[in-house]
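Summary of structural features
Spelled out, the chains give:
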Amino acid sequence: MTKGYIFDYGGTLDTGGQHWGKVLWHSYQRQQVPVDEDMFRQAYVHAERTLGKNPIVKPHFTFRDTLQAKVTIEMEWLQQNTGLNSTSDYTQRVVDDVYARTQHHTAHSRQVLTQLKEQYPMVLVSNFYGNIAVVLQEFGLDGIFQHIVESATVGVRKPDPRIFTLGVEALGMKPEEVTVVGDSMDKDIIPARQAGCRTIWFKGEGWTDDPVDETIADDVITDIEQIIAK
């Protein structure tokens with residue numbers, strides 16, 4: 001029986017289950033950035049690695065600041081490797097587009113989480129840059145979680161199961177009493193199960209089209225509000 005919840009953030013609460021790479025790629029398409037998906041994917045991976053290895057994102061950065069940094073790095077890579085012009089214009093259009101959609105998804109998540117909070121204690125477990133508290137406040141998600149376990153702060157990153165164990169300990173419960181909700185089978189569901197937790201996979205558009213064994217998760221949802229009925 002579930003007595004508490006652990007939620008992932010990126011790709012779960014802010015995109016409706018869609019992988020962030022796909023969120024950005026679809027924005028590139030809407031804003032008619034003249035690059036193909038293969039080149040975009042290379043730029044996306046480059047930006048993720050750059051942000052992961054360098055302290056570009058500061059603790060005071062909002063999500064918009066973080067998104068601006070990410071897309072700028074992508075556009076610079078595309079300019080160097082494809083000759084893309086007008087990158088500053090494309091950057092701003094993509095940032096504005098994605099930010100508006102993120103506001104929509106986080107507002108929906110806030111409605112659901114506010115209801116859940118009335119019955120269950122909740123903890124956030126996220127691979128993030130050290131500014132997750134600022135981001136939560138930006139989208140009105142602060143005050144919902146009784147504790148935040150952020151990879152940049154605790155020194156453990158998904159898919160290491162120990163980060164979920166830290167979340168369980170923060171709840172003061174046994175692993176089998178905790179349900180983990182996340183969009184990534186590899187980074188959320190599998191390691192959460194290894195930590196002994198129950199799992200709900202938030203199924204959305206993934207980074208690849210590779211088949212996923214949905215039976216690994218205890219439950220599968222396609223909208224966060226479906227948790228209310230569980």
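**Regarding the overall build of the protein**
Assigned secondary structure in the protein consists of 8 helices and 6 strands. Rg of the C-alpha trace for the protein: 18 Å, near the compact-globule value of 17 Å for 230 residues, within the 12% margin. Sorting the 230 residues of the protein into buried and exposed places 47% on the buried side. Here the contacts in the protein between residues at least 6 apart in sequence split such that 65% fall between residues at least 24 apart. With the model as given, the accessible surface of the protein reaches about 10,900 Å², and the carbon-plus-sulfur share is 46%. Side chains of the protein carry 22 positive and 32 negative charges; the gap between the two charge centres is 2 Å.

**So, the sheet that holds strand β3 (residues 147-150)**
Ordered by their spatial adjacency, 6 strands build an open sheet running β3-β2-β1-β4-β5-β6, and the pairing between neighbours is parallel. Since the sheet does not close on itself, it has two edges, and those belong to β3 and β6 (219-221), each with one partner. For this sheet the average axis-to-axis angle between neighbouring strands, irrespective of direction, equals 20 degrees. By the bridge criterion, 4 bridges tie strand β1 (residues 4-7) to strand β4 (residues 178-182) in an arrangement that is parallel. Residue pairing across strands places G4 opposite V178, the latter belonging to β4. The strands that helix α7 (residues 162-171) touches are β1, β2 (122-126), β3 and β4; relative to β2, the one it contacts most, it runs at about 160 degrees.

**As for the packing of aromatic side chains**
All told, the structure shown has 13 aromatic pairs when counted by the stated rule. Ring centres of Y99 and F139 lie 5.7 Å apart, and the angle between their planes is 40 degrees; this geometry places the pair in the tilted category. Of this pair, Y99 sits in helix α4 (residues 87-117) while F139 sits in the loop between α5 (132-138) and β3, and the two are 40 residues apart along the sequence. Residue classification places Y99 among the buried positions, given a relative accessible area of 12%. Given the relative accessible area of 5%, F139 is considered buried. Among the aromatic residues, ring-to-ring pairing joins W25, Y28, F40, Y44 and W207 into one connected group. Geometry around W207 places R41 over its ring, the cationic atom sitting 3.8 Å from the centre. The ring centre of Y99 lies 4.9 Å from the NZ or CZ of R64, which sits over that ring.

**Side note on the side chain of S151**
Note that S151 resides in helix α6 (residues 151-154). A relative accessible area of 4% means that S151 is categorised as buried. Beyond its immediate chain neighbours, meaning those up to four positions away, S151 contacts S126, N127, F128, V156, R157 and I163.

**Brief notes about the packing of helix α1 (residues 20-30) against α4**
The contact between α1 and α4 brings their axes to 9 Å, and the two run at 125 degrees. With respect to each other, α1 and α4 are oriented oblique. Between α1 and α4 the crossing geometry is right-handed. Residues W20, V23, L24, S27, Y28 and R30 of α1 pack against V94, D97, V98, R101 and T102 of α4.

Conventions and cut-offs
- Residues numbered from 1 in each chain as written.
- Predicted model: local features only at pLDDT ≥ 70, side-chain atom pairs only at ≥ 80, totals over all residues.
- Heavy atoms only, no water.
- Helix = DSSP H or I, 4+ residues; strand = E, 2+ residues; numbered from the N terminus.
- Rg over C-alpha atoms; globule rule 2.2 N^0.38 Å.
- Buried < 20%, exposed > 50% of the residue type's maximum accessible area, 1.4 Å probe, protein only.
- Contact = heavy atoms within 4.5 Å.
- Areas by Shrake-Rupley, 256 points an atom, 1.4 Å probe, with all protein chains shown as cover.
- Lys, Arg positive; Asp, Glu negative; His and termini not counted.
- Charge placed at Lys NZ, Arg CZ, Asp CG, Glu CD.
- Pairing = 2+ DSSP bridges.
- Axes fitted to C-alpha atoms, helices over the stretch in contact; angles between N-to-C directions.
- Phe/Tyr/Trp six-rings, centres within 6.5 Å; stacked < 30°, edge-to-face > 60°.
- Lys NZ or Arg CZ within 6 Å of the ring centre and 35° of its normal.
- Parallel < 35°, antiparallel > 145°, perpendicular 65-115°, else oblique.
- Left-handed = near helix turned anticlockwise from the far one by under 90°.

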